Amino acid sequence: METKFEADKKSYQEEFQEKLDILTVDNASALSMIFSWSVRSELLRGNKEQVGLLLNQFVKTENVKSVLFINKENIIELSTDKKREGNTYKEVAKLANAKGEIENNMVIIPIYGINETLGYVEVNFEDLPSTK
């Protein structure tokens with residue numbers, strides 16, 4: 001009887017952890033998408049200084065390691081790591097395939113204007129649980 005209890009307990013713990021992991025990733029994804037809307041609003045107003053402030057505030061969020069804004073010319077225009085600003089974004093294929101989904105602790109979200117792509121927001125997370 002005790003062995004069955006221990007097996008059930010372990011099963012419930014694993015099930016709970018799996019659901020918690022899924023929620024953690026889903027919350028990180030939703031938070032990143034909502035953040036990108038704020039970035040879009042400020043870009044449409046031409047207020048890049050405010051975008052920089054948004055990035056610096058967002059990086060203080062739990063599990064967020066770094067945030068970049070990559071312009072449509074693939075230049076890292078704003079970053080929470082100031083050493084990266086002004087550099088060319090090397091992984092252009094990731095930008096072309098950006099879907100706003102978290103992969104390998106990172107999400108790239110395209111920022112669309114009225115008639116064009118304004119750029120991309122890349123959010124890098126601390127170790128998120130793997131749910132795939």
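Residues numbered from 1 in each chain as written. Predicted model: local features only at pLDDT ≥ 70, side-chain atom pairs only at ≥ 80, totals over all residues. Heavy atoms only, no water.

1. With respect to the overall build of the protein
Here's step 1: Within the protein, the secondary structure is distributed over three helices and four strands.
Here's step 2: At 18 Å, the protein has a C-alpha radius of gyration far larger than the 14 Å of a compact globule built from 132 residues.
Here's step 3: Projected onto its principal axes, the C-alpha coordinates of the protein cover approximately 65 × 30 × 30 Å.
Here's step 4: Residues classed as buried in the protein amount to 34% of the 132 residues present.
Here's step 5: Partitioning the contacts of the protein with sequence separation of at least 6, the portion at a separation of at least 24 is 47%.
Here's step 6: Computing the positive centroid from 17 side-chain charges and the negative centroid from 22, the protein places the two 5 Å apart. (Helix = DSSP H or I, 4+ residues; strand = E, 2+ residues; numbered from the N terminus. Rg over C-alpha atoms; globule rule 2.2 N^0.38 Å. Buried < 20%, exposed > 50% of the residue type's maximum accessible area, 1.4 Å probe, protein only. Contact = heavy atoms within 4.5 Å. Lys, Arg positive; Asp, Glu negative; His and termini not counted. Charge placed at Lys NZ, Arg CZ, Asp CG, Glu CD.)

2. Concerning helix H2 (residues 48-58)
Here's step 1: For H2, the set of buried residues is Val51, Gly52, Leu55 and Phe58. Buried positions in H2, seen along its axis, are confined to an arc of 130 degrees and lie on one side of it.
Here's step 2: Those residues of H2 that are buried lie in contact with helix H1 (2-44), strand S1 (64-71), strand S2 (76-79) and strand S4 (117-125). (Arc of directions from axis to C-beta.)

3. Points about the packing of H1 against H2
Here's step 1: Here H1 crosses H2 at 160 degrees, and the two axes come no closer than 8 Å. When the axis of H1 is compared with that of H2, the two are roughly antiparallel. In this structure, H1 crosses over H2, and the sense of that crossing is right-handed. Contact residues: H1 offers Leu31, Ser32, Phe35, Ser38, Val39, Glu42 and Leu43, while H2 offers Lys48, Gln50, Val51, Leu54, Leu55 and Phe58.
Here's step 2: Residue classes in the contact of H1 with H2 are distributed as eight nonpolar, three polar and two charged. (Axes fitted to C-alpha atoms, helices over the stretch in contact; angles between N-to-C directions. Parallel < 35°, antiparallel > 145°, perpendicular 65-115°, else oblique. Left-handed = near helix turned anticlockwise from the far one by under 90°. Nonpolar A, V, L, I, M, F, W, Y, C, P; charged D, E, K, R; others polar.)

4. Let's talk about the side chain of Asn124
Here's step 1: Mapped onto the elements of the fold, Asn124 is located in strand S4.
Here's step 2: Every residue in contact with Asn124, bar those within four places of it in the chain, is listed here: Asn63, Val64, Lys65, Ser66, Asn105 and Met106.

5. Brief notes about the packing of aromatic side chains
The geometry of an aromatic ring pair comes down to the distance between the two centres and the angle between the two planes.
Here's step 1: Evaluated as defined, the whole model comprises one aromatic pair.
Here's step 2: Summarising the aromatic geometry, the rings of Phe35 and Phe58 are spaced 4.1 Å apart at their centres and angled 10 degrees between planes, so their arrangement reads as stacked. Placement of Phe35 in helix H1 and of Phe58 in helix H2 is noted, with a sequence separation of 23 residues between them. The residues Phe35 and Phe58 share a single accessibility class, namely buried. (Phe/Tyr/Trp six-rings, centres within 6.5 Å; stacked < 30°, edge-to-face > 60°.)

6. Digging into H1
Here's step 1: Taking 1.5 Å as the rise per residue, H1 with 43 residues should run 63 Å; its terminal C-alpha atoms sit 63 Å apart, in good agreement.
Here's step 2: Those residues of H1 not exposed but buried are Asp21, Val25, Ala28, Ser32, Phe35, Ser36, Val39, Glu42 and Leu43.
Here's step 3: Directly beyond the C-terminal end of H1, a positive phi value near 75 degrees is found at Gly46. (Expected span 1.5 Å × (residues − 1).)

7. What about the environment of Asp26?
Here's step 1: Of note, Asp26 is situated in helix H1.
Here's step 2: Residue class for Asp26 comes out partly exposed when judged on its relative accessible area of 44%.
Here's step 3: C-alpha separation for the pair Asp26 and Glu101, spaced 75 residues apart in sequence, amounts to 9.6 Å.

8. Overview of the pattern of salt bridges
Here's step 1: On inspection of all chains with the given rule, the structure shows seven salt bridges.
Here's step 2: With a closest N to O distance of 3.1 Å, Asp8 and Lys4 form a salt bridge. Taken together, the residues span about one helical turn, with Asp8 and Lys4 both in helix H1 at a distance of four residues.
Here's step 3: Residue Asp8 is classed as partly exposed on the basis of its relative accessible area, which comes to 30%. (Salt bridge = Lys/Arg side-chain N within 4 Å of Asp/Glu carboxyl O.)

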